[in-house]
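# Structure assessment
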Amino acid sequence: MTFPSHYLNESALVLFSGGQDSATCLAWALAQFGRVETLGFDYGQRHAIELECRKTLREGMTALNPLWSERLGEDHTLALGALGDISETALTRNAEIAMAENGLPNTFVPGRNIIFLTFAAALAARRGIRHIITGVCETDYSGYPDCRDDTIKAVQVALNLGMESRYVLHTPLMWIDKAETWRLAKNIGGQSLVTLINQESHTCYMGERGPAHAWGHGCGHCPACDLRKAGWENYNGPAPHA
């Protein structure tokens, strides 16, 4: 896959949770930036097992491509327990996943992506990084307002004004669905990358790994698993019946 060559002289910071979307974004960044660092957040999420997947995914990507191995830099993890403490959501509490009275799913953690991007920018300032990459999208998602393009553009403006900087927030998945995300991964790293992300990333809200499904690990019935399963089947065709 061909990308603008001028990025090869620049560094990027990827918000890397350990899920399908952020893993695809990491590969996207490694394909075009000269140096790439990763950032994960521990905010008391029920599916904290995703944080354990990050190391395996990073190691897997460096094994896939020697150039990616040269480009992949430091990994960072920030503890944001206060976000979990103040959030009454199904992602940070043992609660049934459902729609809330405000019309949003109760898996929505208010302010999460805004906070993540603010801390990412603060870290990027210390690391001398201008490009920040996040896997949010508004094409195939659960309706979170902080995943929308208008929100990300507004955050970029606020960060640049408030930090006297010129950050660029990249959202390579903003206008594509989960099936297209799998296609993007294949275009970047071939079937080996698709297999790595399928087997080693974690998206399930319930934090369940267990036996692998055709589309990866997960409980198989939460909204995140439903999206991932539907995307995989649209990309690869439904699994044959036993």
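Provided above is the structure to which this section pertains.
A brief look at the structure comes next. Fair warning: this is a prediction, and the values are worked out from it, not measured in the lab.

Before going further, it helps to examine the packing of aromatic side chains. Across all of its chains, the model carries seven aromatic pairs by this definition. For the ring pair Trp182 and Trp232, a centre distance of 4.9 Å and an interplane angle of 80 degrees mean the geometry is edge-to-face. One end of the pair, Trp182, is in helix H7 (residues 178-200); the other, Trp232, is in helix H8 (residues 223-236), with 50 residues separating them in the sequence. With a relative accessible area of 0%, Trp182 lands in the buried category. Given the relative accessible area of 9%, Trp232 is considered buried. Consider the rings of Trp182 and Tyr235, whose centres lie 6.4 Å apart with planes at 25 degrees: the pair is stacked. Taken together, the positions of Trp182 in helix H7 and Tyr235 in helix H8 put the pair 53 residues apart, joining distant regions of the chain. Given a relative accessible area of 17%, Tyr235 falls into the buried group.

This part covers the pairing of strand E1 (residues 11-15). Counting buried positions along E1 gives four out of five residues, so the element sits mostly inside the fold. Bridge count between E1 and strand E2 (residues 35-42): five bridges; the pairing is parallel. Within the sheet, the bridge partner assigned to Leu15 lies in E2 and is Leu39. A crossover connection joins E1 to the parallel E2 through helix H1 (residues 20-30); in handedness this β-α-β unit is right-handed. Bridging between E1 and strand E4 (residues 131-133) involves three bridges; their strand directions are parallel. The partner of Val14 across the bridge, within E4, is Ile133.

Rules of the game
Throughout this description, residue numbers start from 1 for each chain and increase along the sequence as written. Where local features are concerned, this predicted model is filtered to residues with pLDDT of at least 70; where side-chain atom pairs are given and counted, the filter is 80 or more; whole-chain, interface and lining totals use all residues. Water and hydrogen atoms play no part in the side-chain values, which are based on all heavy atoms of the structure. Between the rings of Phe, Tyr and Trp (Trp by its six-membered ring), a pair exists once the centres lie within 6.5 Å; its type follows the angle of the planes, with under 30 degrees stacked, over 60 edge-to-face, and the other angles tilted. For the purposes of this entry, the term helix denotes a DSSP run of H or I that reaches at least four residues, the term strand denotes a run of E that reaches at least two, and both are numbered from the N terminus. Burial status follows relative accessibility: with a 1.4 Å probe on protein chains alone, a residue under 20% of its type maximum counts as buried, one over 50% as exposed, and anything between as partly exposed. Pairing between strands is defined by DSSP: at least two bridges between them are needed. Whether a crossover is right-handed comes down to one check: with the strands pointing away from the viewer, does the path from the first strand over the helix to the second run clockwise; if it does, it is right-handed.

By themselves, these are just geometric observations and shouldn't be taken as functional.
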